[in-house]
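Structural overview
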Amino acid sequence: MKLALSWLAEWVDWPTAWDAAELARRLTAAGFEVEALSPAAPPFQRVIVARVSAVEPHPQADRLRVCQVQIGGSNVSGTSSVQIVCGAANARVGLVSALAQVGARLPGDKSIGAAKLRGVESQGMLCSARELGLSEASEGILELPADAPVGEDLRSYLNLDDVVLDVNVTANRGDAMSVLGLAREVAALSGNSLKVPHSPTRIGTSTATSTPSSASKSTSQSSATGADADHFGISVQPGSGAARLLVALLRGADNTRPTPLWMRERLRRVGLRSISAVVDVTNYVMLELGQPLHAYDRSQVRGGLEARRALAGERLTLLDGREIELTPDVLLIADEQRPLGLAGVMGGQGSAISPETRDVVLEVAWFAPAAIAGRARRFGLVTDASQRFERGVDWRGQERALERAVSLLAEITGAVASASRLVELPAELPAVPTVTLRAKRLQRLLGVNVEASEIERRLGSLAMQVSRAPTPAAAADAVSPVAGTGSAVWHVQPPSWRFDIAIEADLIEEIARLRGLDVIAEADAPLLVRPRAPLAGRVDARVVMRTLAARGYQEVITYAFVDPALQRTLLGEVPTIELANPIASDLSVMRASLWPGLVQAARENLRRQQPRVRLFELATQFERSEPATTATPTTMRGGAAASPYRERRMLAGLVLGARLPEQWGSAAAPVDFFDVKGDLQALLALSSSPEELSFEPAADILCLHPGRSAHILRAGRRVGRMGELHPGLLRALDLGQAPLLFELDYEQTFAAQVVQFREVSRFPRIRRDISVTIPEQTAFAAVRERVTVAAARLLKELLVFDIYHGDGVESGRKSLALGLILQDLDRTLTDEDADRTVRAVLDDLQAHLGARIREQRQP
């Protein structure tokens, strides 16, 4: 939220040594990150307050007027007025406006000089709010109050050198989303007390409370009596999420009156535009006190107001003109005939305030955060009111906000307020917790000594009620690790606006942030370290990630939510898990694979002219074992529900672009299937022996090239897949070239074998090379399997040193040159042993794979 320092200064004083930058630093250190400091207006010079004293038509132009403008004092010619040619329709006698004098510089580095417009001299320019950078759009020249001091510098008069803080308020601190809320924090940090900048007009209140005794009683109601002739009443539906509802009726409001400049300026500085007097007041009070309000045109309200749940099928046209269908979990404000607005989110068009509004119904309520959370986003809305209600507003602050709004509306619009109405459900209001704070626990968590007096002072500065619990004599005599506190225990009751204080650690955090985390000295924590043996049956994830990084990959972390269209493009119509309340339409399903996130990351890299991409991610994918239409879980024996959802930890990667970074030592070549296969073989070697691994051609992976894709097997069991993206998807995914993708089931792939000792032979090795031709579609994995079986225990290593297609090899076959490394543990092998083993291998290959001997040679 944005906050003008001049507004904050009305509520609290801080030390003069704290300039804007220092105040921002202290707020940031206290947990309220100040993201920016900016001036209230862009720089301009020589712009003063001036009054139009005479207006005449321009002799040569119908749309221009010649104005005599009083500037106070005297100009360079010794007179107290200047002549200005102006084309604004609102230029009139008596108007006080902003005059850019000759020599002035306006935003955008625009210079103002003397000029002749259609033959008439003009000594400056009357400025609009847009020309001064005070508004994005404006109609006519700026209109200032009639009592504005003529001749005074405009920046000084409007305090346009005021500093605006852009504060990032965390989600748990909804109480700080107001001037009052941040003033409380500044008061606690500085040790000063809050000021009360205004005295609201008190209005009488009739109250009804309810504790329904039976399920049949559905509402708590307060009816208007006395002078209120139309018997305006209010009611609340128990269990709806609305526990307090206050309403005031104001008559005789003139909503055509302009909002005062001081209020328009404050709204502008925090990012809101002025709409009308009534609406501006509700926005102003919300920003000042943190309590949203809503105003209804009384002539459009049938009977009284009710806070209730929507009925199935009800419809509502919102202020933005959209018509929405409501569901029973939506909280409404309604009259006796129809819904009037989404409670805590946005009002309806049917009861909106207009310039013709004369009687205003002002509604202030407390809604439970759970009753508002997610409703705005469901309908594509994010409003200032919903942001505050979702985080929690002070459930004791409605009267103050109503009184402030009534006072301002009476002053600005001339409205007269009748008695307000209040209805509440005490049983549904938040319970005020009492939290216990122990001195020893504080010292243990913070590692510093905090005096008892400081603990009580810090918590008291946050309006918490602090009482020290009686301490047993034995404990009081004990030596304390905390100077001045002994074994002290406090009972602390937070104020009604602090929903985030619930446990002891919350109180300790408050003390730490108010003291300043920077005053806590660094020290090593005394921890008991118990070394334990590493798990031999699993490869450490850090080893896996370091191996990929050493081969040029970079780790990425992508959203677990993905675009359903992108996931469908890559995976087809797989069962997906849809989010009930997605943060965006293109992040509305849980990922069933890591590939959509990697593909999106590759697209972003290509758009930013990064043509060589090597990415990997180790994360969870979410699978559904049945179609989304069958949402009811099945039942297992013993009554436990079998969830249709499954989470799997996966390792996935994407490679795109050149095989090597651009260099002079080798020609550029694109990465191919075998490059990525080599990376995977190096990776899989971390957890298994080469004999366990194999790659099986795959034509059933829809998003991959049918001739350049494979299933990855370990000991005959599929653990992953890899391949080149299907050519048909390149244009749909906005990729200039096909990336190569892989994914592995982490738990199955990297379940490591326990290392076992194997005796090293003392006897020499013998190598025999053979060359055979085999059918072209025969995979090397099949050849390796047969050679291993035929050579039995004498085979120590199998090498492939040549693959040949072409002259001398018949069509449909390929030549494979193999190196057999033979060795025995018990004796030195003879040539006869080696020849016998080679013959067994050749016979086996011929019998099972249709191999033909091409050549046999001895090295």
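A brief structural summary. (Residues numbered from 1 in each chain as written. Predicted model: local features only at pLDDT ≥ 70, side-chain atom pairs only at ≥ 80, totals over all residues. Heavy atoms only, no water.)

With respect to the packing of aromatic side chains
The following threshold applies: Geometry of aromatic contacts follows a simple scheme: Phe, Tyr and Trp rings, the Trp one being its six-membered ring, pair when their centres are within 6.5 Å, and the pair is stacked under 30 degrees between planes, edge-to-face over 60, tilted otherwise. Where helices and strands are cited, they refer to DSSP runs of H or I of at least four residues and of E of at least two residues respectively, numbered from the N terminus. Burial here depends on accessible area, computed with a 1.4 Å probe over protein chains only, as a share of the maximum for the residue type. Under 20% is buried, over 50% is exposed, and the range in between is partly exposed.
This structure, assessed with the given rule, holds 6 aromatic pairs. Note on W7 and Y284: the rings are 4.7 Å apart at their centroids and 20° apart in plane angle, and the pair reads as stacked. With W7 in helix 1 (residues 5-9) and Y284 in helix 6 (residues 277-289), the pair connects residues that are 277 residues apart, well separated along the chain. Here W7 and Y284 have matching classes, each one buried.

Some words on the side chain of R244
Where we set the bar: Think of a polar contact as two N or O atoms within 3.5 Å of one another; within protein, one of them needs to be a possible hydrogen donor and the other a possible acceptor, and neighboring residues in sequence only count if both atoms come from side chains. The contact criterion used is simple: two residues touch if any of their non-hydrogen atoms lie within 4.5 Å.
Locating R244 in the fold gives a position in strand 15 (residues 242-251). Of the polar contacts made by the side chain of R244, one reaches the backbone oxygen of W395; its length is 3.4 Å. Setting aside residues up to four positions removed in sequence, R244 forms contacts with V364, A365, W366, W395, R396, Q398, E399, L422, V423, E424 and L429.

What to know about helix 17 (residues 595-607)
Count 3.6 residues to each turn of an α-helix, and residues three or four apart come out pointing the same way. Note the following rule: Expected span of a helix: the number of residues minus one, times 1.5 Å.
Between its terminal C-alpha atoms helix 17 stretches 18 Å, which fits the 18 Å expected from 13 residues at 1.5 Å a residue. Of the residues making up helix 17, those classed as buried are W595, P596, G597, L598, V599, A601, A602 and R603. Downstream of helix 17 by one or two residues, Q609 has phi in the positive range, about 60°.

Quick word on the nonpolar core
In plain terms, the rule: Joining through side-chain atoms within 4.5 Å is the link that ties buried Ala, Val, Leu, Ile, Met, Phe, Trp, Tyr and Cys residues into a set, and such a set is a nonpolar core.
Within the largest apolar cluster, 81 residues are counted, with the highest numbers of intra-cluster contacts made by L8, L362 and L437. In this structure, L362 is in contact with L246, V247, A248, L250, T282, L293, H294, A295, L402, A405, V406 and L409, ignoring residues within four places of it in sequence. Counting 41 residues, the second largest nonpolar core, distinct from the first, contains L316, W366, L381 and L425.

Examining unusual backbone geometry
Backbone geometry at R46 places phi at a positive 60°, although glycine is not the residue there. Along the polypeptide, R46 turns up in strand 3 (residues 45-57). On the basis of relative accessible area, R46 is assigned to the partly exposed category, the value being 43%. Even without being glycine, A792 reaches a positive phi, approximately 55°. With respect to the secondary-structure elements, A792 resides in the loop between helix 20 (780-791) and strand 41 (795-804).

Points about the pairing of strand 21 (residues 339-342)
For clarity, the cut-off: Strands are labelled as partners when DSSP assigns at least two bridges between them.
Relative to strand 21, strand 20 (residues 331-334) runs antiparallel, the two being bridged by 3 bridges. Opposite A334, over in strand 21, you have P339 as the bridge partner. Adjacent in sequence and paired antiparallel, strand 20 and strand 21 are bridged by 4 residues. Alignment of strand 21 against strand 22 (residues 346-347), held across 2 bridges, turns out to be antiparallel. Bridge pairing in strand 22 places G341 opposite G347.

Some thoughts on the layout of surface pockets
Which entries qualify depends on this criterion: The way it works is a 1 Å grid over only the protein atoms, where trapped points that fit a 1.4 Å probe form a cavity and open points with protein on both sides within 12 Å along at least five of seven lines form a pocket, and then any residue with an atom within 4 Å of a point lines it. Grid points are joined across faces, edges and corners, and a volume is the space filled by probe spheres set on the points. Each residue is assigned to one class: nonpolar for Ala, Val, Leu, Ile, Met, Phe, Trp, Tyr, Cys and Pro, charged for Asp, Glu, Lys and Arg, and polar for all the others, Gly among them.
Approximately 1300 Å³ is the volume found for the second largest pocket. Residue lining of the second largest pocket: 37 residues in total, with A129, S135, A137, R264 and S274 positioned closest to the centre. Those elements that place two or more of their residues in the lining of the second largest pocket are helix 5 (261-269) and helix 6. Per-element tally for the lining of the second largest pocket: the top contributor is helix 5, with 4 residues. Classifying every residue of the lining of the second largest pocket gives 17 nonpolar, 11 polar and 9 charged.

Points about helix 12 (residues 452-461)
Put simply, the test is: Read the arc as the range of directions from the helix axis to the C-beta atoms.
A452, E454, I455, R458 and L459 are the residues of helix 12 that are buried. Summarising the axial view, the buried residues of helix 12 lie within an arc of 165°, below the 170-degree limit, and thus occupy one face. Relative to its buried face, helix 12 has exposed residues pointing more than 90 degrees away, namely S453 and R457. The secondary structure elements touched by the buried residues of helix 12 are helix 4 (179-190), strand 26 (435-438), helix 11 (439-446), strand 27 (465-468), strand 28 (489-493) and helix 14 (504-515). A463 occupies a position one or two residues after helix 12 and carries a positive phi of about 65°.

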